[in-house]
Amino acid sequence: MSRIYEPFGYGEGPVARSYWPSTVSERHAWPRLDGAMRADIAIVGGGYTGLSAALHLAEAGADVALIDANAPGWGASGRNGGFCCLGGTALDADGLARRYGAEDTQCFFDAERAAIDLVADLLDRLGIEADTGSRGETMLAHRAEAIPQLEATARHMRHVHGVTCEILSRAELAAAGMASGAFHGAVTTPVGFSLNPLKYALGLAQAAADVGARVFAASPAETIRRSGDVWKIATPAGELTARRLILATNGYSSDDLPGLAARYLPLQSNILVTRPLTTAEIAAQGWTTGQMCYDSRTLLHYFRLLPDRRMLFGMRGAIRATPEALAAIGARARADFDRLFPAWATVETTHLWSGFVALARNRTPFVGPLPGVEAAFAGLCYHGNGVAMGSYAGALLARLALGRPPELPYPKLMAKPLARFPFGRHRRTLLRAILPLHAMMDGA
Ligand SMILES: Cc1cc2nc3c(=O)[nH]c(=O)nc-3n(C[C@H](O)[C@H](O)[C@H](O)COP(=O)(O)OP(=O)(O)OC[C@H]3O[C@@H](n4cnc5c(N)ncnc54)[C@H](O)[C@@H]3O)c2cc1C
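A brief report on the enclosed structure follows. Quick caveat, the model's predicted, so the values are computed rather than measured.

Calculation rules
All residue numbers refer to positions counted from 1 along the written sequence of the respective chain. For this predicted model, a pLDDT threshold of at least 70 governs which residues receive local features, and a threshold of 80 or more governs which side-chain atom pairs are given and counted, while totals over whole chains, interfaces and linings are taken from all residues. Neither water nor hydrogens contribute to the side-chain values; these are computed over all heavy atoms in the structure. Only DSSP runs of H or I reaching four residues or more are called helices, and only runs of E reaching two or more are called strands; each is numbered from the N terminus. Expected span of a helix, by definition, is 1.5 Å for each gap between consecutive residues, and there is one gap fewer than residues. Exposure is judged per residue with a 1.4 Å probe applied to protein chains only, and the accessible area is read against the type maximum: over 50% gives exposed, under 20% gives buried, and values in between give partly exposed. In this description, contact between two residues means that some pair of their heavy atoms is separated by no more than 4.5 Å. The near set for a molecule or strand comprises every residue that places at least one heavy atom within 4 Å of it. Identification of polar contacts relies on pairs of N or O atoms within 3.5 Å, with a donor-acceptor requirement for protein atoms, meaning one able to donate a hydrogen and the other able to accept it, and with residues adjacent in sequence counted only if both atoms are side-chain atoms. Accessible surface area values rest on a Shrake-Rupley calculation with a 1.4 Å probe, where residue burial reflects the displayed protein chains alone. Throughout, the ten residues Ala, Val, Leu, Ile, Met, Phe, Trp, Tyr, Cys and Pro are labelled nonpolar, Asp, Glu, Lys and Arg are labelled charged, and all others, Gly among them, are labelled polar. Each domain span listed reflects an automatic or database assignment of domains. One requirement defines pairing of two strands: DSSP has to find at least two bridges between them. Comment: axis = line fitted to C-alpha atoms, over the contacting stretch for helices; angle = value between 0 and 180 degrees taken between N-to-C directions.

### Quick word on the environment of Thr279
Part 1 of the argument: Following the sequence through the fold, Thr279 ends up in helix H5 (residues 279-285).
Part 2 of the argument: For the pair Thr279 and Arg309, spaced 30 residues apart in the sequence, the C-alpha separation amounts to 8.9 Å.

### Section: helix H6 (residues 323-340)
Part 1 of the argument: With 18 residues, H6 extends 26 Å from end C-alpha to end C-alpha; this agrees with the ideal 26 Å at 1.5 Å per step.
Part 2 of the argument: Residues Ala325, Leu326, Ile329, Gly330, Ala333, Arg334, Asp336, Phe337 and Leu340 constitute the buried set of H6.
Part 3 of the argument: Here the buried face of H6 lies against strand E12 (265-274), H5, strand E13 (292-295), strand E14 (301-305), strand E15 (311-316) and strand E16 (349-359).

### Looking at the site of the ligand
Part 1 of the argument: The ligand sits among 39 residues. The nearest are Thr49, Asp68, Ser77, Phe83 and Ala221.
Part 2 of the argument: Within the backbone of Ala76, a nitrogen or oxygen atom sits 3.1 Å from an oxygen atom of the ligand.
Part 3 of the argument: One of the backbone nitrogen or oxygen atoms of Gly384 is found 3.0 Å away from a nitrogen atom of the ligand.
Part 4 of the argument: Notes on the ligand: free accessible area 1,000 Å², of which the protein chains cover 99%.
Part 5 of the argument: At 3 residues, the largest contribution of residues to the shell around the ligand is made by E16.
Part 6 of the argument: Among the residues making up the shell around the ligand, the classes are represented as 18 nonpolar, 18 polar and 3 charged.
Part 7 of the argument: Among the domains, domain 1 (7-81 + 198-265 + 361-442) and domain 2 (133-194 + 267-359) are the pair contributing at least three residues each to the shell around the ligand.

### Overview of the sheet that holds E13
Paired through their backbone hydrogen bonds, the strands of a sheet run either parallel or antiparallel.
Part 1 of the argument: Strands sit in the order E5-E6-E4-E13-E14-E15-E12-E16 across an open sheet of 8 strands; the sheet is mixed. Sheet topology places strand E5 (166-169) and E16 at the edges, where each strand pairs with a single neighbour. Across the sheet, the mean angle from the axis of one strand to that of its neighbour is 20°, orientation sign disregarded.
Part 2 of the argument: Here E12 pairs with E16 via 10 bridges, running antiparallel. Bridged to Ser269 within E16 is Gly355.
Part 3 of the argument: Packing against the sheet, helix H3 (residues 147-161) makes contact with strand E4 (137-140), E5 and strand E6 (185-189), and its axis sits at approximately 15° to E6.
Part 4 of the argument: In this fold H6 packs onto E12, E13, E14, E15 and E16, with an angle of close to 120° to the strand it touches most, E15.

None of the figures reported here should be taken as evidence of function without further support.
Below, the structure written as structure tokens:
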């Protein structure tokens, strides 16, 4: 596989100290693909995108097999922050409207909203217990200049989603259980919820298998080639032959996958989790809310108090994928955490991990047929917001692969071909310029 980060990034190292596995008692032992197998539709990648596609395909009666290089939920889907929220693009509303027009932009916003409803519905109808919480999400102004952003967010949400946001001034934060001298106000959008990402991913995998999808672990697609009118996918111990192919590899994609070379840019996101906080520690900081929160930085921090009173705190960044780089970004995240939550500065970090999200050059997610590649589809590049959007992409891909029109909002911008990044396999160097620039513009 031709990948653009150091091998460490694609191995067990970055996920070895994830908190989520400790919350899951039983793990299904998925088989490895052994020998030759045929399916109508093959899915490569077992995160939310691939699993949701497998589930929806199997529910529609299709013959589907999914392979994952590691295991279902091993990638970003089993190690994220669990914010099931609006998102998926790195463009703001004006940027979207300028490029794609008002109608398609509204269709995208409808899709964002429908994506959250889809996850809620899946959890409910499949009976997946995923420790849901939070009433929507809250953005905190990290400096006074960001206060107008709170108002703008509320206007935007009212306009495109018809919801009323709650705005809190700096003085009102403590009463809302959000005491931190570092924030200048907040806006809460009553859309979205938090969940345990690994429980959700494993629940999806089980549900897909229960309705007939064949799911395989430890089965990396080493080569994928077209032979006559079928796809041949070679794994170390087997070969999967299928009429149609769905690529669902997102930040773990490799440049030798059909149609994807240099068309996605993986970026690391990193999370630390503290030990459970005591009642006295929670009171000392005055942060009592279980809301999922993020701040107004471009290189934002995202954080929430978990059901067992540990604090989860995440930030994107780190240009290298090495043990040293993970330790360094962990130290930076911890320093920021201490600044935002000074009363917890001596509370130990028990977990620290990272994983890949993916960015597109057009800064919008891609879901659709891969241009110029016969009978192949892909869903990727959710710009760090793939809990809802990845699940949604899977549902769309299932319909597309069956040759049926999507029943869900499917904006044209999502099917726009992924543009190539400059510098090919060296495109990671773009982050060397972008990340420090964002950090500088975010200020302290
Ligand atoms: C630390 C972190 C925090 C995040 N927090 C949030 C959040 O709070 N909210 C949110 O909405 N989003 C969040 N995200 C992003 C979100 O997790 C992802 O967008 C989403 O999980 C992507 O799902 P996916 O199925 O497309 O890809 P992934 O879950 O990454 O799955 C890709 C799978 O493909 C497999 N694979 C790759 N190559 C091959 C191959 N050749 N053969 C077979 N299998 C292969 C991998 O093993 C992997 O399991 C976060 C991501 C990270 C890393």
